[in-house]
Amino acid sequence: MHLHFVDYLIITLYFLFVIGIGFLIKKKVKTGKDFLTSSRSIPMWITSLAFISANLGAQEVLGMAASGAKYGIMTSHFYWLGAIPAMVFLGIFMMPFYYGSKARSVPEYLAKRFDEKTRGFNAFTFAIMTIFSSGISLYALALLFEVILGWKFEFSIFLASGIVLIYTFLGGLTSAVYNEVLQFFLIVLGVAPLVFIGLQHVGGWHGVLEKLPDAMTHTWKYMGSASDNPMGVDAWQLMLGLGFVLSFGYWCTDFLVVQRAMAARNMRSAQNTPIVAAFPKMIFPFIVILPGLIAAALVAMHSGYVIPKQNGVTNYNLVLPSLLNQLYPSGILGVGLTALFASFMSGMAGNVTAFNTVLTYDIYESYFKPGQSDKHYLNVGRLATIFGILASIGTAYLAKGFNNIMDFLQLVFGFVNAPLFATFALGMFWKRSTGHGAFFGLISGTVAAGLTYNLTTAEGKGGGIANLHTYGSTMAQSFMVAIIAFSTCFVVTIIISLFTKPHPKEKLIGLVYSLTQKAKMKHIVWYKRPVTLGIIVLILTLILNLIFL
């Protein structure tokens with residue numbers, strides 16, 4: 001890719017700007033709470049955009065375009081089925097417990113609801129998962145630097161991670177959140193023009209429909225059998241694996257996104273954060289997935305464009321950067337590349353700020369040095385930030401083994417978030433569930449995920465112990481891993497809870513749905529109420545599903 005002076009200037013100005021935000025916010029960071037939780041002081045419109053942007057990392061921007069080229073419009077299920085319903089559920093039903101319990105993190109809520117060993121298990125597994133996710137973001141952008149700019153992979157990794165380290169080390173969560181808002185707009189402005197330019201080259205949406213197989217241009221029509229669609233899953237696997245287990249497991253329990261809502265100023269803002277975020281979230285398939293379909297259509301046209309290969313294998317992760325190189329002129333190319341850099345920044349910074357909070361409060365304070373001064377934990381939080389960046393660099397190399405980073409990410413979520421959602425569902429809505437049940441349920445769910453992966457194969461991956469079944473795609477395997485992990489945790493938690501002593505009811509007030517007084521919303525205008533907003537966003541999402549049925 002040949003860049004001009006104006007392209008480099010745009011990229012450089014962006015780097016300087018995000019670092020500048022870190023220096024500005026550093027002046028306001030005086031306590032550990034400021035650094036790790038923003039002292040619950042951020043306006044709702046900021047937390048809503050940050051809520052989306054924290055998830056809008058390189059693995060989503062690059063990975064969704066990759067999946068669009070590989071699976072077609074079916075990839076939109078990750079939004080319309082695999083995100084929006086869970087985001088609404090989080091806002092209406094779960095944020096009152098997270099925010100109302102005054103927990104500083106998701107693991108701390110588990111400590112209040114169950115016990116310390118459940119908190120500890122979740123804290124350690126979450127810390128590992130965030131490092132993996134952060135490493136994937138780092139790998140994706142280092143690969144981009146290498147392919148587009150010709151920089152060495154190692155140099156790209158240290159440059160990119162160094163920039164994230166500077167502004168997260170200086171301003172903590174607040175710095176990450178405000179940068180995520182900037183990154184949200186940059187991603188939209190940098191990638192959206194690609195859709196318009198690309199559609200002109202392929203003859204509009206009707207051109208895409210004509211040039212691609214019918215199965216790639218419908219969301220539900222070919223879900224009757226796994227062999228009928230490119231994703232290799234059927235409706236049951238999709239709805240249960242993605243629509244229920246993985247989506248609710250991620251959006252409702254992953255501290256990376258929940259942390260943004262917990263930083264809001266009050267309860268209503270915390271509830272509305274994920275619901276308001278769902279409105280722009282529902283249109284993101286047209287920005288990040290549609291480029292993948294355009295790429296596939298260009299290949300079918302024999303236009304001269306080809307999806308790049310790596311070691312002789314099609315590398316779908318390079319769909320978006322190769323399209324930028326093919327279709328963007330100088331200047332706009334710089335904005336497009338800056339958008340990809342921004343996606344990396346938001347993804348990695350989101351993971352690192354969640355990691356340093358959990359490591360500081362849920363691991364270090366809880367098990368090593370309780371009762372220390374606030375300044376002490378502020379220093380530990382900054383050290384945890386450095387450690388998180390270094391660990392992410394190590395895991396970046398593991399992502400090289402997957403030709404679609406979204407496949408890898410779904411597998412990681414299946415191990416951690418799927419059983420965790422079973423624990424939360426029982427903990428918040430069944431007062432009889434116990435700490436022993438939750439702890440052994442989480443362990444059994446994680447073990448079940450590992451066994452499922454190592455006893456099955458998909459696209460040459462898995463089967464570490466034996467191969468009892470071969471799935472048509474890595475995505476199908478990931479869905480089944482999540483389903484089995486959730487089901488195992490759910491059943492084991494119930495069985496053990498029935499034979500162990502639960503907490504007294506008075507200790508569960510504010511932590512369990514049936515024992516918590518519901519917040520009154522009558523004094524709030526109807527269009528600001530979480531339930532009303534949730535119903536509106538679900539209706540709009542249903543309409544989108546019907547349009548692309």
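Here we summarise the structure given alongside this text.

So, how was this worked out
Each chain has its residues counted from 1, following the order in which its sequence is written. For this predicted model, a pLDDT threshold of at least 70 governs which residues receive local features, and a threshold of 80 or more governs which side-chain atom pairs are given and counted, while totals over whole chains, interfaces and linings are taken from all residues. As a convention, hydrogens and water are excluded, and side-chain values are obtained from all of the structure's heavy atoms. A helix here means a DSSP run of H or I that spans at least four residues, while a strand means a run of E at least two residues long, and both kinds are numbered starting from the N terminus. Each radius of gyration is computed over the set of C-alpha atoms, and the globule rule expresses the reference value as 2.2 Å times the number of residues to the power 0.38. Burial classification: accessible surface area is computed with a 1.4 Å probe over protein chains only, and a residue below 20% of its type maximum counts as buried, one above 50% as exposed, and the rest as partly exposed. Whether two residues are in contact is decided by their heavy atoms: any pair within 4.5 Å suffices. Here the open area of atoms and residues is found with the Shrake-Rupley method and a 1.4 Å probe, where only the protein chains shown may cover a residue. Neither His nor the chain termini are counted; the positive set is Lys and Arg, and the negative set is Asp and Glu. Charge positions are represented by NZ for Lys, CZ for Arg, CG for Asp and CD for Glu. Remark: nonpolar core denotes a set of buried residues (Ala, Val, Leu, Ile, Met, Phe, Trp, Tyr, Cys) joined through side-chain atoms within 4.5 Å. One bridge is not enough; two strands pair if DSSP finds at least two bridges between them. The angle between two axes is taken between their N-to-C directions and runs from 0 to 180 degrees, where each axis is a line fitted to C-alpha atoms and a helix contributes only its stretch in contact.

**So, the overall build of the protein**
Stage number 1. For the protein, the count of helices and strands is 21 helices and five strands.
Stage number 2. On C-alpha atoms alone, the protein measures out to a radius of gyration of 22 Å, which is about the 24 Å that the 2.2 N^0.38 rule sets for 549 residues.
Stage number 3. In terms of overall dimensions, the protein has a C-alpha envelope of 70 × 55 × 55 Å along the principal axes.
Stage number 4. For the protein, the proportion of its 549 residues judged to be buried stands at 61%.
Stage number 5. Restricting the contact set of the protein to residue pairs at least 6 apart, pairs at least 24 apart contribute 82%.
Stage number 6. As presented, the protein carries roughly 20100 Å² of accessible surface, and 69% of it is formed by carbon and sulfur atoms.
Stage number 7. Across the protein, the centroid of the 36 positively charged side chains sits 12 Å from that of the 20 negatively charged ones.

**A word on the environment of proline 308**
Stage number 1. Checked against the element boundaries, proline 308 lands in the loop between helix H14 (285–300) and strand E1 (309–310).
Stage number 2. Sequence-wise, proline 308 and leucine 256 are 52 residues apart; in three dimensions their C-alpha atoms are separated by 32 Å.
Stage number 3. Those residues within four positions of proline 308 in sequence are excluded, and the remaining contacts are Val313, Thr314, Asn315, Leu318 and Ser322.

**Describing the nonpolar core**
Stage number 1. In this structure, Met95, Tyr98, Met231, Phe424 and Phe479 are the most contacted members of the largest nonpolar core, which totals 168 residues.
Stage number 2. The element that contributes the greatest number of residues to this core is helix H9 (residues 153–202), accounting for 19 residues.
Stage number 3. Non-local contacts of methionine 231, meaning those with residues more than four positions away in its chain, are made with Tyr71, Met74, Thr75, Phe78, Leu238, Ser473, Met475, Ala476 and Phe479.
Stage number 4. Among the nonpolar cores identified, the runner-up in size contains seven residues, and Ile25, Val29, Phe35 and Tyr361 belong to it.

**Comments concerning the sheet that holds strand E3 (residues 456–458)**
Stage number 1. As summarised here, the arrangement of the three strands in space is E4-E3-E5, forming an open sheet in which the pairing is mixed. In this open sheet, the two edge strands, each paired with only one partner strand, are strand E4 (461–462) and strand E5 (469–471).
Stage number 2. Two elements, E3 and E4, share two bridges in a ladder whose sense is antiparallel. Among the inter-strand pairings, alanine 458 is bridged to a residue of E4, identified as lysine 461.
Stage number 3. Lying over the sheet, helix H20 (residues 474–498) contacts E3, E4 and E5, oriented at roughly 145° with respect to E3.

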